[in-house]
Amino acid sequence: MSSPDYLEEYNVNTKYNLKIVWRYLKQDKWIISTLLLLVLALELISFSDEFLFKYLVDEATLYQAGKITADLFLSYVLKLMILYLFLKGVMGGVFWFIKSQLFNRLESRLMSNVEKSSFWHILNLSYRFHLNKKTGSIISKLTRGVGKTESLLDAITFQFFPVFFRLILSIGIIFYFDLYTALALLVTVILFLAFGVYVSHKQERPQNMANYKEDLLKQNVSDVFINIETVKYFGKEKRTQGYFNELSHNLKEARVKFWDYFSWYVGLQTLILTLGVAVIVYLSFSSYVEGKITLGSITLIYTAIWKLIPYLYGLMYGYRQFIMSNVDISSLFEIFKEENEVVDKPQAKKIKVKEGNIEFKEVTFSYPLRDHHHGKHSFSIKSLNLKINKNTKLALVGPSGGGKSTVVKLLYRLFDLNQGQILIDGQDISQVTQESLRNSLSIVPQEPILFDNSLFFNVAYANPRASRKEVWQAIKFAHLDKFIEKLPNKEKTIVGERGVKLSGGEKQRVSIARAILANKKILVLDEATSALDSETEKEIQRDLSKLMRNRTTIIIAHRLSTIMKADKIVVLSGGKVIEQGNHNDLINNQTGLYSRLWRLQQGKA
Ligand SMILES: Nc1ncnc2c1ncn2[C@@H]1O[C@H](COP(=O)(O)OP(=O)(O)OP(=O)(O)O)[C@@H](O)[C@H]1O
Ligand SMILES: [Mg+2]
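Residues numbered from 1 in each chain as written. Chains lettered and ligands numbered in written order. Predicted model: local features only at pLDDT ≥ 70, side-chain atom pairs only at ≥ 80, totals over all residues.

## Side note on the site of ligand 1
- Taken together, 13 residues are adjacent to ligand 1, and Tyr-367, Phe-379, Ser-400, Ser-405 and Thr-406 come closest.
- For the shell around ligand 1, the residue count by class is three nonpolar, eight polar and two charged. (Near = placed C-beta within 6 Å. Nonpolar A, V, L, I, M, F, W, Y, C, P; charged D, E, K, R; others polar.)

Written out as structure tokens, the structure reads:
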């Protein structure tokens, strides 16, 4: 069960978010400019209605006063309606169609680009980041963040931009007809908007909190289901549910707090608007009575205001959308700030491994502290010197936690060293590209983990370019063929998440097959056969020793009988070499750790 306090609240940095979104949008500049023009054109068209009505009312007044004939009036109406049909019906429709087509493309492209680059960024973050990350929360941030870049763009293009334009148009026009009415409208709008902005910002924190609580919940879901076996073995369903309930309760509270802002917000906003409208009505009719404006102009003012009101609500909705999207995006974009500490040097070349000589020179390394406890030391490797000549076998043995797997991780450069160098064929591994380094090593890791895909896929993963025949050779080598034969779906059998549907030994053999298929000059076997029965182990060991003949190999094993033929054996304890030599040298040292372990395993201690 995860403790909820490692996750920090996300910072909301609008400028930073917009900068990143703009980075993606930049390439579609022409689409954006066309879109904006279209949006403006559509606004103008929709605004033309109000004018049409003004002229209709004014002409009607003239007709009623007997100043124009019925025929003249009707032909005027007809002309206006044809204009209306053309503008609104034809132009409006066409523009709207083009606008939505362009927008769909722009948005889907934006989302897909954000998705792809976030995934790539997270994928490439160093091993250290991934040791600490929470899968559930990453999924949550990714989906929420990508989804909300769309809302952000929506808010800007549909809510902000056209509304501001319309606002300026409406107030400008009314200003032309009647100064006081225009001023009253301006004040109403400013009050309305200021209030909306204030509340939206107030909501930022509760929303952030709700997101954070949601991430905790999702994190817990993924943690529980990854560890479902532990839950079942220990019969802890109730306890797990209890903890989940607690998280869910916290999320509920946070959500209510966040949502409650809406309830009083809408009421107050409506009050401001109604007050404004009442003042405007009074003012404009006073002007009418004074003979300053016509009835047609009053119609214009009202249609403009009535149409503006939903826009204002729209603008506020858009603004809130904008703020909310920003909060959601922030948690994703924050990951972009996460720096990779294991990076390729600017001019890093590919490593060339011909011989396979490995050398550890005065290597010193300590793990980052697990928690932020000061004064406590993490495990470290101290001044390690190792030389592994080409085509030889080096065995690493020693107590659990002695640092054997750590040595392998350093060879793979999952971490950078504090001091010293690791050289392969004379090339410092910190100076070459990580990709080329890792492509020149193959490993059977201590804990094989498989993809939730077919057996065949999992083996072939090591070398996607391998032919079917080569993959099958690797499968045979690892003695997996007889097992596959018995499966109803043969090599197409799906192995389950992390390989849960295979036995420990089967997983290990898939892992061995992978390493064989990868076929690299340097081979690392970290407890590669520890989960196998003695018979299979012996068979695989025999094949492995054939395989190791022209490779440099590092073997890690607790069962000393599997490494006694190694060219050199190094005993690691507490991150230090405490003994080294070949098997005979080491067992002759009666007081040494190796000989003691050897006697223990032979049952002679
Ligand atoms: N990411 C990590 N952060 C901090 N400490 C770690 C980390 N990974 C391993 N350690 C610690 O480093 C020490 C050495 O671990 P390592 O895995 O190298 O041991 P090992 O010799 O391979 O042991 P085993 O035989 O049990 O596999 C252990 O005490 C372990 O707890
Ligand atoms: Mg280990």
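## Focus: the domain arrangement of the protein
- Per the domain assignment, the segments making up the protein are domain 1 (15–337), domain 2 (354–369 + 378–440 + 523–532 + 545–605) and domain 3 (447–519).
- The straight-line distance from the C-alpha centre of domain 1 to that of domain 2 is 61 Å. (Domains from an automatic or database assignment.)

## Notes on the sheet that holds strand 6 (residues 441–444)
- Spatially, the six strands line up as an open sheet ordered 6-7-8-3-9-10, and their pairing is mixed. On the outer flanks of this sheet lie strand 6 and strand 10 (576–581), each paired with one strand and no other. For this sheet, the mean angle separating the axes of adjacent strands, direction not counted, is 20°.
- Taken together, the four bridges between strand 3 (residues 393–397) and strand 8 (residues 552–556) define a ladder with parallel strand orientation. Bridge pairing in strand 8 places Leu-394 opposite Ile-554.
- Running over the sheet, helix 15 (residues 504–518) touches strand 6 and strand 7 (522–526) and is turned about 170° from strand 6. (Pairing = 2+ DSSP bridges. Helix = DSSP H or I, 4+ residues; strand = E, 2+ residues; numbered from the N terminus. Axes fitted to C-alpha atoms, helices over the stretch in contact; angles between N-to-C directions. Contact = placed C-beta atoms within 7 Å.)

## Structural notes on unusual backbone geometry
- In this structure, Arg-413 takes a positive phi of about 55° despite not being glycine.
- Mapped onto the elements of the fold, Arg-413 is located in the loop between helix 10 (404–411) and strand 4 (419–424).
- Taking the number of C-beta atoms within 10 Å as the measure of exposure, Arg-413 has 19 and is therefore partly exposed.
- Of note, the phi angle at Lys-490 is positive, near 50°, even though the residue is not glycine.
- Structurally, the position occupied by Lys-490 is in the loop between helix 14 (481–486) and helix 15. (Buried ≥ 20, exposed ≤ 12 C-beta atoms within 10 Å, placed from the backbone.)

## Quick notes on helix 10
- Counting buried positions along helix 10 yields six of eight residues, so the element is predominantly enclosed.
- Residues of helix 10 that are buried include every one of Lys-404, Thr-406, Val-407, Val-408, Leu-410 and Leu-411, and no others.
- Backbone geometry just after helix 10 places Arg-413 at a positive phi near 55°.

## Some words on helix 13 (residues 468–477)
- Every buried residue belonging to helix 13 is among Val-471, Trp-472, Ala-474, Ile-475 and Phe-477, and all of these are buried.
- Buried residues along helix 13 sit against helix 12 (455–460), helix 14, helix 15 and helix 16 (534–548).
- His-479 sits one or two positions beyond helix 13 and adopts a positive phi of about 55°.

## So, the nonpolar core
- Of all hydrophobic cores here, the largest spans 68 residues; its most connected members are Ala-395, Val-459 and Ala-513.
- When residues in this core are grouped by element, the largest group, six residues, is from helix 15.
- Residues from two domains meet in this core; each of domain 2 (354–369 + 378–440 + 523–532 + 545–605) and domain 3 (447–519) gives at least three.
- Once you skip the residues sitting within four places of it in the chain, Ala-513 turns out to touch Val-459, Ala-474, Ile-475, Phe-477, Ala-478 and Leu-480.
- Counting residues in hydrophobic clusters, the runner-up holds 34 residues, among them Ile-301, Leu-308, Leu-315 and Phe-333. (Core = buried A, V, L, I, M, F, W, Y, C linked by C-beta atoms within 7 Å.)

## Some details on the environment of Ile-556
- Considering the arrangement of structural elements, one finds Ile-556 in strand 8.
- For the pair Ile-556 and Arg-413, spaced 143 residues apart in sequence, the C-alpha to C-alpha distance is 18 Å.
- Here Ile-556 is in contact with Leu-396, Lys-404, Ser-405, Leu-525, Asp-526 and Glu-527, once residues within four sequence places are set aside.

## Thoughts on the environment of Asn-582
- Residue position: Asn-582 is located in the loop between strand 10 and helix 17 (583–588).
- Measuring from C-alpha to C-alpha, the distance between Asn-582 and Lys-565 comes to 8.0 Å, with 17 residues separating the pair along the chain.
- If we skip the residues at most four places from it in the chain, Asn-582 touches Asp-567, Lys-568 and Ile-569.

## Structural notes on the pairing of strand 7
- Counting buried residues along strand 7, five of its five residues qualify, which places the element largely inside the surrounding structure.
- By the alternation rule, side chains of strand 7 split into Ile-522, Val-524 and Asp-526 and Leu-523 and Leu-525, which are all buried.
- For strand 6 and strand 7, the ladder comprises four bridges, and the chain directions are parallel. Along strand 7, the bridge assignment pairs Val-444 with Leu-525.
- Relative to strand 8, strand 7 runs parallel, the two sharing five bridges. Note that in strand 8 the partner of Ile-522 across the bridge is Thr-552.
- In this fold, the crossover linking strand 7 to strand 8 by way of helix 16 has right-handed handedness. (Right-handed = clockwise from strand over helix to strand, strands pointing away.)

## Examining the confidence of the model for the protein
- Confidence in the prediction of the protein, expressed as mean pLDDT, is 85, and 97% of residues score 70 or more.
- In the model, residues 1–7 has pLDDT below 50 throughout and makes nine contacts with residues more than four positions away in sequence or in other chains. (pLDDT = per-residue confidence, 0-100.)

## A closer look at the sheet that holds strand 1 (residues 358–366)
- With antiparallel pairing, four strands are arranged side by side in an open sheet as 2-1-4-5. Among the strands making up the open sheet, the edge pair consists of strand 2 (380–388) and strand 5 (427–428).
- Direction of pairing for strand 4 relative to strand 5: antiparallel, over a ladder of two bridges. Bridged to Leu-423 within strand 5 is Asp-428.

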